[in-house]
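Next come the chains, spelled out residue by residue.
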Amino acid sequence: MNFKPKYIVFGLITFIIIFLMNYLGNDAPDKLSRALMTAFAAVIGLAIGMWFYKRDKNNNHPDFD
């Protein structure tokens, strides 16, 4: 996967938004670790989703109908 600067910016924005949503809206004693894990999982999920989205459309794999 080619890591272009716009994908890195999208990942950072996603991490910041998800982290702040989980950190500020949580009253649990371990809110920092929960917010970090959730934000990292969101960025990883975004990266996997973008990898599937930007895959080569002309691959030689057969379509399973």
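Look a little higher up for the structure.
What you are looking at is a predicted structure, and each value in this text was computed from that prediction instead of being measured.

**Student:** Would you mind showing me how to read the packing of aromatic side chains here?
**Tutor:** Both the distance between ring centres and the angle between the ring planes are used here to describe each pair of aromatic rings. This model, assessed by the stated rule, comprises three aromatic pairs. Aromatic pair Phe15 and Phe40: ring centres 5.1 Å apart, planes at 45 degrees, arrangement tilted. Linking Phe15 in helix α1 (residues 5–24) with Phe40 in helix α2 (residues 31–53), this pair joins segments that are 25 residues apart in sequence. For the ring pair Phe19 and Tyr23, a centre distance of 5.5 Å and an interplane angle of 10 degrees mean the geometry is stacked. Here Tyr23 and Phe19 lie together in helix α1, a separation of four residues that amounts to about one turn.

**Student:** When you look at a nonpolar patch on the surface in this model, what are you seeing that I'm missing?
**Tutor:** A surface patch of nonpolar side chains, about 680 Å² in accessible area, is lined by Leu32, Leu36, Phe40, Ile44, Ile48, Trp51 and Phe52. The residue Ile44 is located in helix α2 in this model.

**Student:** Explain the packing of α1 against α2 here, please?
**Tutor:** Geometrically, a packed helix pair is captured by the angle between its two axes and the distance between the axes. Interhelical geometry of α1 versus α2 gives an angle of 150 degrees and a closest axis separation of 8 Å. When the axis of α1 is compared with that of α2, the two are roughly antiparallel. Relative to α2, the crossing made by α1 is right-handed. On α2, the residues that touch Tyr7, Phe10, Gly11, Thr14, Phe15, Ile18, Phe19, Asn22 and Tyr23 of α1 are Lys31, Leu32, Ala35, Leu36, Thr38, Ala39, Phe40, Ala42, Val43, Leu46 and Met50. Among the residues making up the contact of α1 with α2, the classes are represented as 15 nonpolar, four polar and one charged.

Reading the values: rules and limits
Residues numbered from 1 in each chain as written. Predicted model: local features only at pLDDT ≥ 70, side-chain atom pairs only at ≥ 80, totals over all residues. Heavy atoms only, no water. Phe/Tyr/Trp six-rings, centres within 6.5 Å; stacked < 30°, edge-to-face > 60°. Helix = DSSP H or I, 4+ residues; strand = E, 2+ residues; numbered from the N terminus. Patch = residues over 30% accessible without salt bridge, like charges linked within 9 Å, V, L, I, M, F, W, Y side chains within 5 Å. Areas by Shrake-Rupley, 256 points an atom, 1.4 Å probe, with all protein chains shown as cover. Salt bridge = Lys/Arg side-chain N within 4 Å of Asp/Glu carboxyl O. Axes fitted to C-alpha atoms, helices over the stretch in contact; angles between N-to-C directions. Parallel < 35°, antiparallel > 145°, perpendicular 65-115°, else oblique. Left-handed = near helix turned anticlockwise from the far one by under 90°. Contact = heavy atoms within 4.5 Å. Nonpolar A, V, L, I, M, F, W, Y, C, P; charged D, E, K, R; others polar.

That's the geometry; what it means functionally is another story.
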